[in-house]
Amino acid sequence: MKFKILDLFCGAGGFSYGVDKNKNFQTVLGLDFDQNAVNTFNKNIKGATGIVGDITDKETKRKVISESKRLGVNMVIGGPPCQGFSLKGKQLGLDDPRNFLFLEYIEIVKELKPEVFVIENVRNLLNASGGYFLNEIKERFIKLGYIVNSGFINARDFGVPQNRERAIIIGSLSRSIPLPVGDRENAATVRDAISDLWYLNSGQGKDVSEYINEPQSEYQKKLRGTKVYNHKATNHSKIALEKLKMVPPEGDKSSIPLELHGKQKFATTWSRLVWDDVSPTIDTRFDTPSNGRNSHPVLHRAITPREAARIQSFDDDFVFTGPKTSICRQIGNAVPPFMAEAIANTINEAYIDKRNENEYYKSYLADSFVFVKELKKSNLKVNHIITDPPYNISKKN
């Protein structure tokens, strides 16, 4: 099956960029309120048009729905802004109106009735406010006729050198689609991602430059392009540089005198990445040493936008546009393309025909715990179940 995709809250386009790596998926339309992010989306997501607008605005919504129908959209993806129930947010729960942008997402799905939708968000979505948000989302989609599965995945299990847990909700009108399953044993590391870019000091770098070093890992070979974009180091203050010089390779702020710690109370501030480990979650302030463990393992500076993009699994040919603060926000908010590609591959696999039917029976190759949702939706009635080997089949199923 071929999927034409609408990417809501598209940002720079990491989600689209990843799913489009599967030949059966093509993003055709994106929507975001951030002009700089949409400029990046339009520059990199080939064959797609990004629209700048507020999803709560009626005219914007009408335009998106109209264009989606004209383009034959049959899949919707996106991650509604999640500050209200983020682990880093204030967890205002039901009192935070930002949490209800998912209702706008649901409204567009209701209008378009795509075959598949995917929601990506922070892991805390799964249990915020006693599970209210997750249950509310699932119930509304089920009423629209969707078979819904949800859970969390970690980007590191899909080749991304970063510990980034995310909630995923996948719905389909005809299939029970499981979440992708990754490889927890062979994670890429910070060294795999950025060791070949180890040559800039504070304030150095250009928007476009040539490669200086040969690739030093298979990961780098996979992501390299023709040139290096967005590899510019923050021009740190003299005080910041003095603090960074106190932190040993791969070290943390325990080497900095207490009187110099400042107002930042988190243990990870002024800390360096570790070469042979995954990075912590890349956020929108990775260019600031006082923000967390996002300083270079050995150099006296924070990581550059290109190094952060590498850790997020973006190809080097993916060019971010706009002011520096916007570029950092675009990278930190993005869905890692490798993880997005894994989601697309799982959806694609679910639509490969693995069913045999004749006048006497139907046979399916599927995971029974996932597939039972399809049987329930079809209102299949049976009076016996036999199983070998003896799975734990609940009375409800």
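Note: the structure precedes this text.
Residues numbered from 1 in each chain as written. Predicted model: local features only at pLDDT ≥ 70, side-chain atom pairs only at ≥ 80, totals over all residues. Heavy atoms only, no water.

Draft legend 1. Structural view of unusual backbone geometry. Although it is not a glycine, Lys-113 sits at a positive phi angle of roughly 50 degrees. One non-glycine residue, Asn-379, lies in positive phi territory at about 60 degrees. With respect to the helices and strands, Asn-379 occurs in the segment after helix H12 (368-377). (Helix = DSSP H or I, 4+ residues; strand = E, 2+ residues; numbered from the N terminus.)

Draft legend 2. Representation of the sheet that holds strand S1 (residues 3-8) in the model. In spatial order, the strands read S3-S2-S1-S4-S5-S7-S6; together these seven strands make up an open sheet with mixed pairing. Lying at the two open borders of the sheet, with one neighbouring strand each, are strand S3 (49-52) and strand S6 (147-154). Adjacent strand axes in the sheet meet at a mean angle of 20 degrees, parallel and antiparallel pairs treated alike. Inspection of the sheet shows strand S4 (residues 75-78) paired to strand S5 (residues 116-122) by four bridges, in the parallel sense. Note that in S5 the partner of Gly-78 across the bridge is Ile-119. (Pairing = 2+ DSSP bridges. Axes fitted to C-alpha atoms, helices over the stretch in contact; angles between N-to-C directions.)

Draft legend 3. Looking closely at the packing of helix H4 (residues 101-112) against helix H5 (residues 132-143). One can describe the packing of H4 onto H5 by two numbers: an axis separation of 11 Å at closest approach and a directional angle of 10 degrees. With respect to H5, the element H4 is oriented roughly parallel. From H4, Phe-102, Leu-103, Tyr-105, Ile-106 and Val-109 reach across to H5, where they touch Phe-133, Glu-136, Ile-137, Arg-140 and Phe-141. Its residues assigned to classes, the contact of H4 with H5 comprises eight nonpolar, no polar and two charged. (Parallel < 35°, antiparallel > 145°, perpendicular 65-115°, else oblique. Contact = heavy atoms within 4.5 Å. Nonpolar A, V, L, I, M, F, W, Y, C, P; charged D, E, K, R; others polar.)

Draft legend 4. A look at the environment of Ala-344. Of note, Ala-344 is situated in helix H11 (residues 337-350). As for Ala-344 and Val-118, which are separated by 226 residues in sequence, their C-alpha atoms are 9.7 Å apart.

Draft legend 5. Spotlight on the nonpolar core. Judged by nonpolar contacts, the single largest core of 54 residues is most densely connected at Met-75, Val-118 and Ile-347. The dominant element in this core, judged by the number of residues it contributes, is H11, at eight residues. In this view, Ile-347 contacts Phe-3, Phe-25, Met-75, Val-116, Val-118 and Ile-177; residues no more than four positions away in its chain are not counted. Counting residues in each nonpolar core, the second largest holds 33 residues, with Ile-51, Val-76, Val-109 and Leu-134 among its members. (Core = buried A, V, L, I, M, F, W, Y, C linked by side-chain atoms within 4.5 Å. Buried < 20%, exposed > 50% of the residue type's maximum accessible area, 1.4 Å probe, protein only.)

Draft legend 6. Fine view of the pattern of salt bridges. Counted under the stated rule, the structure contains 22 salt bridges. A salt bridge links Glu-165 to Arg-123, with the shortest nitrogen-to-oxygen separation between them at 3.0 Å. Pair noted here: Glu-165 is in strand S7 (residues 165-172) and Arg-123 is in the loop between S5 and H5, with a separation of 42 residues, a long-range link. Note that Lys-354 is salt-bridged to Glu-349, the shortest N-O span being 2.5 Å. Linked through salt bridges whose partners overlap, the residues forming this network are Asp-196, Arg-224, Arg-310 and Asp-316. (Salt bridge = Lys/Arg side-chain N within 4 Å of Asp/Glu carboxyl O.)

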